[in-house]
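# Descriptive structure summary
Each chain is listed here by its residues.
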Amino acid sequence: MTLFSVSDLSIQIDNKPLLDSISFDVSEGDYLCILGQNGAGKSTLLKSLMGITPVNSGRITIDKCPFKAFSQKQLARTVSYVGQRPPAIDMIVSDFIRLGRYPHHDAFAVWSKSDQSAFDSAVVLTDIDAFLNRHCATLSGGEFQRVQIAAALCQQARLLLLDEPTSSLDPHHQGEVHALIQQLNQAHHITIIEVTHDLNHAIQHSRHILALKSGKTLWYGDSDALLAAPILSQLYDHPFVTLTHPETNQLIALSSEITR
């Protein structure tokens with residue numbers, strides 16, 4: 001079942017084209033990674049899916065309903081977002097996670113059993129019970145990414161948007177966050193759209209890849225087919241070589257510094 005559908009999406013700001021005729025579908029339980037150089041339009045695309053960046057032309061639907069028909073609270077019950085680490089947040093971790101319940105509250109709502117259940121489930125899934133009473137500003141990058149994911153899970157949205165969630169993390173914490181995202185997708189059937197520069201993570205763990213170049217679709221398809229399409233050097237303006245991973249037997253791509 002198609003959850004999100006994007007058709008001929010184009011965005012311009014101050015007469016500068018940022019996205020040009022982008023089309024793709026995301027089914028329930030899908031995992032789509034968006035690749036491309038800096039400035040390719042990846043983050044702009046995510047912001048359009050949250051209703052932050054206005055769309056000049058094209059169509060976005062959720063469950064076949066027009067995007068514009070959703071209020072901000074209705075949209076927040078469907079779409080949640082985790083970005084890179086923001087500036088220091090002077091809040092207790094537990095309070096920050098509770099903010100994820102805002103789409104389910106009106107102005108006079110009190111904390112309910114369903115709120116507590118969503119909170120408890122998010123804490124267990126992200127394994128952050130040990131630092132619920134700490135200030136967000138005291139957390140490491142990897143710890144805070146798990147807290148941000150917990151707040152998104154507390155929101156109980158069906159689609160999780162991730163904007164380079166491991167870009168500032170060391171390899172250990174990158175692995176932890178990637179494993180958590182996979183668990184959410186595979187075991188808990190949360191639909192994922194992730195912007196990433198981690199090419200091999202996208203190839204090995206997502207189901208579909210959308211590759212953007214200068215605001216246009218360069219390639220779109222099954223993740224395991226990307227390396228069979230001779231586009232990587234064009235996508236990044238950089239040479240690559242491919243080889244077989246010694247443990248998984250999957251093809252992976254490595255940057256090639258060979259000059260001719």
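Here is a short report on the structure shown in this document. (Residues numbered from 1 in each chain as written. Predicted model: local features only at pLDDT ≥ 70, side-chain atom pairs only at ≥ 80, totals over all residues. Heavy atoms only, no water.)

### With respect to unusual backbone geometry
Positive phi values are uncommon outside glycine, yet Asp 127 reaches one of about 55 degrees. Mapping Asp 127 onto the fold places it in the loop between helix H4 (113-126) and helix H5 (141-154). The exposed category is assigned to Asp 127, whose relative accessible area is 55%. Phi is positive for His 189, which is not a glycine, with a value near 60 degrees. Of note, His 189 is situated in the loop between helix H6 (171-186) and strand S8 (191-195). The class of His 189 is exposed, set by a relative accessible area of 57%. (Helix = DSSP H or I, 4+ residues; strand = E, 2+ residues; numbered from the N terminus. Buried < 20%, exposed > 50% of the residue type's maximum accessible area, 1.4 Å probe, protein only.)

### Structural notes on H5
Taking 1.5 Å per residue, 14 residues should reach 20 Å; H5 reaches 20 Å between its end C-alpha atoms and fits that length. Most of H5 is tucked away: 13 of the 14 residues are buried. Just beyond H5, the residue with positive phi is Gln 156, at close to 55 degrees. (Expected span 1.5 Å × (residues − 1).)

### A word on the pattern of salt bridges
Think of it this way: side chains of opposite charge can pair up when their charged atoms draw near. Following the criterion strictly, the structure yields eight salt bridges and no others. For Glu 28, the salt bridge identified is with Arg 158, shortest N-O distance 2.3 Å. Linking Glu 28 in the loop between strand S2 (16-27) and strand S3 (31-35) with Arg 158 in the loop between H5 and strand S7 (159-163), this pair joins segments that are 130 residues apart in sequence. On the basis of relative accessible area, Glu 28 is assigned to the partly exposed category, the value being 33%. The class of Arg 158 is partly exposed, set by a relative accessible area of 29%. Residues Arg 98 and Asp 95 are paired through a salt bridge, measuring 3.6 Å at the closest nitrogen-oxygen approach. Placement of the pair is Arg 98 and Asp 95 together in helix H3 (residues 93-98), with a separation of three residues, close to one helical turn. Note on Arg 98: relative accessible area 31%, which makes it partly exposed. Residues joined by salt bridges that share partners form a network here, namely Glu 28, Asp 63 and Arg 158. (Salt bridge = Lys/Arg side-chain N within 4 Å of Asp/Glu carboxyl O.)

### Observations concerning the pairing of strand S1 (residues 2-13)
Where S1 lies against S2, eight bridges are found, and the strand directions are antiparallel. Its bridge partner being in S2, Thr 2 is matched across the sheet by Ser 27. Between S1 and S2, which pair antiparallel in sequence order, lie two residues; one of them, Asp 14, sits at a positive phi of approximately 55 degrees. Two strands pair when backbone bridges link them, and S1 and strand S4 (residues 57-62) are joined in this way by five bridges, in the antiparallel orientation. Each residue of the ladder has a partner; that of Ser 7, found in S4, is Arg 59. (Pairing = 2+ DSSP bridges.)

### Description of the sheet that holds strand S6 (residues 79-82)
Backbone-to-backbone hydrogen bonds join strands into a sheet, with any given pair of strands oriented parallel or antiparallel. One open sheet holds the six strands; their spatial order is S6-S7-S8-S3-S9-S10, and the pairing between them is mixed. The two strands at the open ends of the sheet, each matched to only one other strand, are S6 and strand S10 (216-222). Put simply, the sheet's adjacent strands are angled 15 degrees from each other on average, direction ignored. The sheet contact formed by S3 and strand S9 (residues 208-213) spans four bridges and is parallel. Bridging from a neighbouring strand, Leu 32 pairs with His 208 of S9. Most of the contacts of H5 go to S6, to which it runs at about 170 degrees, and overall it touches S6 and S7. Here H6 sits on the sheet in contact with S3, S7 and S8, set at roughly 150 degrees to S8. (Axes fitted to C-alpha atoms, helices over the stretch in contact; angles between N-to-C directions. Contact = heavy atoms within 4.5 Å.)

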